[in-house]
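Letter by letter, the chains look like this.
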Amino acid sequence: MPNNQLQEFTCAISLGYFLFDFIWCIYFRTEGPVMLFHHILSMVGNMYVLYYGSNGGEMLATLFGTEITNPLLQLRWFIRQNANLSSSFLATAVDLAFLVMFTIMRIIIATVLFYNYQTHPRPDTFAKVGSVSIYLIGWVFWIAVVRYAWRKYVLQSPRKFKRDTVKADLPASAIPPELVQKGADLARGDSTSLDDTGDSVVRSTETQNGLVHRSVAGTDGDRTGI
């Protein structure tokens, strides 16, 4: 089916965008080979549609399905640049929304459309080969997104138990002489001392203005400053 004016206009704008972004990525070396290949495919697809005057409907459907997650992607970038928001609930919500939308559009809906497109007799060979390429790239991107989410929210999740720290300054006279001596030794080397039971006793000792602050840690890893 021949392209209409909206399809021609959209593909021309898309071609200009991908051409500019491709040059930007090459010049500043901001992207890897997968993204560069994605841009090349997009430019070739848009040029094909504009040159032959056909397949505009499929191209617009592809652009819509693949680029609809871009607003969330850009929002993620701006949030990560803000130190106050990078670890906020908003950042988590945007991350999860991006993952869900990317999965729905690039994997679920794309798989259904891809199957119907490949089994339909009307699309030509070039269009079918192009659809295979862009579909596989979608899977590569999706795997990268899932791996990122797994590392961030599963492997690096906040610790289940929060360490409680209690600090108090005591006069030097209230500290046993052996601990004061250990503090002096630690001030020079700051190594862990062990008591007769083998437990870690002194992590660090600071003597300042007649006051001694010492941190005592048990073998369970919890620290309590006294």
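A brief look at the structure comes next. Bear in mind the structure is a predicted one, so any value in this text is a computation, not a measurement.

**Re the overall build of the protein chain**
- From N to C terminus, the protein chain includes 7 helices and 6 strands.
- Looking at the protein chain residue by residue over its 226 residues, the buried ones come to 30%.
- Taking all contacts inside the protein chain whose residues are at least 6 apart in sequence as the whole, residues at least 24 apart take part in 54%.
- Element-wise, carbon and sulfur atoms account for 64% of the exposed surface of the protein chain, whose accessible area totals about 15,400 Å².

**Concerning the packing of helix 5 (residues 89–119) against helix 6 (residues 125–155)**
- Interaxial distance between helix 5 and helix 6 falls to 10 Å at its minimum, and their mutual angle equals 155 degrees. Relative to helix 6, the element helix 5 is oriented roughly antiparallel. Crossing handedness for the pair helix 5 and helix 6: left-handed.
- Residue classes in the contact of helix 5 with helix 6 are distributed as 19 nonpolar, 6 polar and 4 charged.

**Re a nonpolar patch on the surface**
- On the surface, F37, I40, V44, M47 and F126 cluster together to form a nonpolar patch covering roughly 440 Å² of accessible area.
- Residue contributions to the nonpolar patch peak at 4 residues, all from helix 2 (residues 33–52).
- Among the structural elements, V44 can be located in helix 2.
- A relative accessible area of 35% means that V44 is categorised as partly exposed.

**Considering the packing of helix 1 (residues 5–28) against helix 3 (residues 56–67)**
- Contact geometry of helix 1 with helix 3 gives a least axis separation of 10 Å together with a crossing angle of 50 degrees. The angle between helix 1 and helix 3 falls in the class oblique. In this structure, helix 1 meets helix 3 at a crossing whose hand is left-handed. Listed contacts from helix 3 to Q7, T10, C11, S14 and F18 of helix 1 are G56, G57, M59, L60, L63 and E67.

**Observations concerning the environment of A97**
- The residue A97 is located in helix 5 in this model.
- For A97, a relative accessible area of 34% translates into the label partly exposed.
- For the pair A97 and T69, spaced 28 residues apart in sequence, the C-alpha to C-alpha distance is 9.3 Å.

**Things to note about helix 4 (residues 70–81)**
- For helix 4, which comprises 12 residues, the first-to-last C-alpha distance of 17 Å matches the rise-based estimate of 16 Å (1.5 Å per residue) to within 8%.
- Buried within helix 4 we find L72, R76 and I79. End-on, the buried residues of helix 4 take up no more than an arc of 70 degrees, which puts them together on one face. Counted as exposed and oriented over 90 degrees from the buried face of helix 4: P71, F78 and Q81.
- Packing partners of the buried residues in helix 4 comprise helix 5 and helix 6.

**Points about the packing of aromatic side chains**
- In the structure shown here, the tally under the stated rule is 11 aromatic pairs.
- Note on F98 and F102: the rings are 5.5 Å apart at their centroids and 45 degrees apart in plane angle, and the pair reads as tilted. With F98 and F102 both in helix 5 and 4 residues apart, this pair spans about one turn of that helix.
- Through pairs of rings, three or more aromatic residues link up here, namely F20, W24, Y27 and F28.
- Just above the ring of F98 sits the side chain of R76; from NZ or CZ to the centre is 5.6 Å.

Criteria and cut-off values
- Residues numbered from 1 in each chain as written.
- Predicted model: local features only at pLDDT ≥ 70, side-chain atom pairs only at ≥ 80, totals over all residues.
- Heavy atoms only, no water.
- Helix = DSSP H or I, 4+ residues; strand = E, 2+ residues; numbered from the N terminus.
- Buried < 20%, exposed > 50% of the residue type's maximum accessible area, 1.4 Å probe, protein only.
- Contact = heavy atoms within 4.5 Å.
- Areas by Shrake-Rupley, 256 points an atom, 1.4 Å probe, with all protein chains shown as cover.
- Axes fitted to C-alpha atoms, helices over the stretch in contact; angles between N-to-C directions.
- Parallel < 35°, antiparallel > 145°, perpendicular 65-115°, else oblique.
- Left-handed = near helix turned anticlockwise from the far one by under 90°.
- Nonpolar A, V, L, I, M, F, W, Y, C, P; charged D, E, K, R; others polar.
- Patch = residues over 30% accessible without salt bridge, like charges linked within 9 Å, V, L, I, M, F, W, Y side chains within 5 Å.
- Salt bridge = Lys/Arg side-chain N within 4 Å of Asp/Glu carboxyl O.
- Expected span 1.5 Å × (residues − 1).
- Arc of directions from axis to C-beta.
- Phe/Tyr/Trp six-rings, centres within 6.5 Å; stacked < 30°, edge-to-face > 60°.
- Lys NZ or Arg CZ within 6 Å of the ring centre and 35° of its normal.

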